[in-house]
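Observations on chain architecture
The primary structure of each chain is shown beneath.
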Amino acid sequence: MKKTITAVLLLLQISVFGQESKFTESEVAATPLIKGTLYAPEKTKPNLVILIAGSGPTDRNGNQAGMDNNSLRFLAQGLAKDGNAVYSFDKRIFAQAAAGNMNEDALRFSDFINDVKEIIAYFRAQNKYAKVVVAGHSEGALIGLMAAQDKRADGYVSIAGPARPIDQIITDQVAAQMASLRPEIEGYFDKMRKGEKFEANPMLQSLFRESVRPYMLSWMQYTPTDEIKKLQIPVLIVNGTKDLQAKATEAELLKAAKPDAKLVIIENMNHVLKEIKGGDAENGQSYANPDLPVMPEMISAVNQFIKTL
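Presented here is an overview of the structure given in this document. Predicted model, so just to flag it, every value in this text is computed and none were measured.

Description of the pairing of strand E5 (residues 85-89)
Across the five residues of E5, five count as buried, placing the element largely inside the fold. Alternating residues of E5 divide into Ala85, Tyr87 and Phe89 and Val86 and Ser88, and every residue in both groups is buried. In terms of strand pairing, strand E3 (residues 34-41) meets E5 through four bridges, oriented antiparallel. Note on E5: the bridge partner recorded for Tyr39 is Val86. Bridge count for strand E4 (residues 48-52) against E5 is four bridges, and the pairing is parallel. Pairing of Leu48 across the sheet is with Ala85, part of E5. Regarding the hand of the β-α-β motif, the stretch spanning E4, helix H1 (residues 71-81) and E5 is right-handed.

Quick notes on the packing of helix H5 (residues 166-177) against helix H6 (residues 182-194)
At a closest axis distance of 9 Å, the pairing of H5 and H6 adopts a crossing angle of 160°. As summarised for this structure, H5 and H6 are arranged roughly antiparallel, according to the angle between their axes. Seen from above, H5 lies across H6 with right-handed handedness. When H5 is examined against H6, the residues Asp167, Ile170, Thr171, Asp172, Val174 and Ala175 are found in contact with a partner set consisting of Arg182, Ile185, Glu186, Phe189 and Arg193. Residue classes in the contact of H5 with H6 are distributed as five nonpolar, one polar and five charged.

A closer look at the layout of surface pockets
Estimated volume of the largest pocket: approximately 1400 Å³. As for the largest pocket, its lining consists of 49 residues, of which Ser55, Gly56, Gln173, Trp219 and Gln245 are closest to the centre. Within the residue set of the lining of the largest pocket, elements represented by two or more residues are H1, H5, helix H7 (205-208), helix H8 (213-220) and helix H10 (248-257). Of all the elements, H5 adds the most residues to the lining of the largest pocket, at eight residues. Along the lines of polarity and charge, the residues of the lining of the largest pocket split into 23 nonpolar, 18 polar and eight charged.

Observations regarding the packing of aromatic side chains
Applying the stated criterion across every chain yields a total of 14 aromatic pairs. Summarising the aromatic geometry, the rings of Tyr87 and Phe89 are spaced 6.0 Å apart at their centres and angled 20° between planes, so their arrangement reads as stacked. We note that Tyr87, like Phe89, is buried. Between Phe198 and Phe208 the ring centres are 6.4 Å apart and the planes differ by 70°, which places this aromatic pair in the edge-to-face class. In this pair, Phe198 sits in the loop between H6 and H7 while Phe208 sits in helix H7, placing the two residues 10 residues apart along the sequence. For the pair formed by Phe198 and Phe208, the shared burial category is buried. One aromatic cluster in this structure is built from Tyr87, Phe89, Tyr122, Phe123 and Tyr129. The aromatic ring of Phe112 is capped on one face by Lys91, whose charged end is 5.5 Å from the ring centroid. Across from the ring centre of Phe198, 3.7 Å away, lies the NZ or CZ of Arg213, which sits over that ring.

Notes on the nonpolar core
Ranked by internal contacts, the top residues of the largest apolar core, which has 59 residues, are Tyr87, Tyr156, Phe208 and Ile228. The next biggest cluster of nonpolar side chains, apart from the first, holds 29 residues, and it includes Phe23, Tyr39, Val133 and Leu273.

What counts and how
- Residues numbered from 1 in each chain as written.
- Predicted model: local features only at pLDDT ≥ 70, side-chain atom pairs only at ≥ 80, totals over all residues.
- Heavy atoms only, no water.
- Buried < 20%, exposed > 50% of the residue type's maximum accessible area, 1.4 Å probe, protein only.
- Helix = DSSP H or I, 4+ residues; strand = E, 2+ residues; numbered from the N terminus.
- Pairing = 2+ DSSP bridges.
- Right-handed = clockwise from strand over helix to strand, strands pointing away.
- Axes fitted to C-alpha atoms, helices over the stretch in contact; angles between N-to-C directions.
- Parallel < 35°, antiparallel > 145°, perpendicular 65-115°, else oblique.
- Left-handed = near helix turned anticlockwise from the far one by under 90°.
- Contact = heavy atoms within 4.5 Å.
- Nonpolar A, V, L, I, M, F, W, Y, C, P; charged D, E, K, R; others polar.
- 1 Å grid on protein atoms, 1.4 Å probe; cavity = no way out; pocket = protein on both sides within 12 Å on 5 of 7 lines; lining within 4 Å.
- Points joined across faces, edges and corners; volume = space filled by probe spheres on them.
- Phe/Tyr/Trp six-rings, centres within 6.5 Å; stacked < 30°, edge-to-face > 60°.
- Lys NZ or Arg CZ within 6 Å of the ring centre and 35° of its normal.
- Core = buried A, V, L, I, M, F, W, Y, C linked by side-chain atoms within 4.5 Å.

Here is the structure:
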């Protein structure tokens, strides 16, 4: 039965394997710039999952303007049904935009990493949670990977996360749609590394606009396969076979770099964690379908991983 949220704090009663599992949803500000939803089960000292959204203006629910899919909301609820606490948050850019002081030129990848470090510290200080797990989706996977280092977290989950530097991934993604643009894109990234100015092809202007280049350059400094080797905590790597943005080969590269990690490849799961039985048209439509649930195999993989910690 479909339920409608009518208050900031909502008590949910969900039947799981014939039993009642209860959790609350409440608004929590972990830092002055970070607000999110805390899914809290009625359980003493549950494990906590910090859920990190992917690239762009993606909110705590996994949505962007015109693309509501509720992927992270469904994932968070699925984890909470199993007795885990979950914190899913809006990126700092939402608070900055609301305050009218968003400055794209000043944004750096490390800002997002530091935000997650502060979130971990905020919840650690409460002494309410048995284990803290960092789970990131897409770009959020690399952010979480960096924040979880030095044993800040007790476990790490990469969901559709990259294995290679972002410039390589962007080049491949664009070239897959228009191969003739590959040399031009590679040239832009090379100029960015050298600090050279350039005028981008109008077709690529939104991707290479001057105001976003400092952020892109700061993101390019990280190679996930190198960084994942530094983790001294349990690792789960999850990807889907219908993911058009982060191919399953990315997950396999991460696994090769971190042999003791658990790798789960989910058949027919796409980038927003939905089941796709058809082709690219169905895949694209799922990005704007807020009612299509995430695959239960996705929820199960993370729940089972947490139980091993």
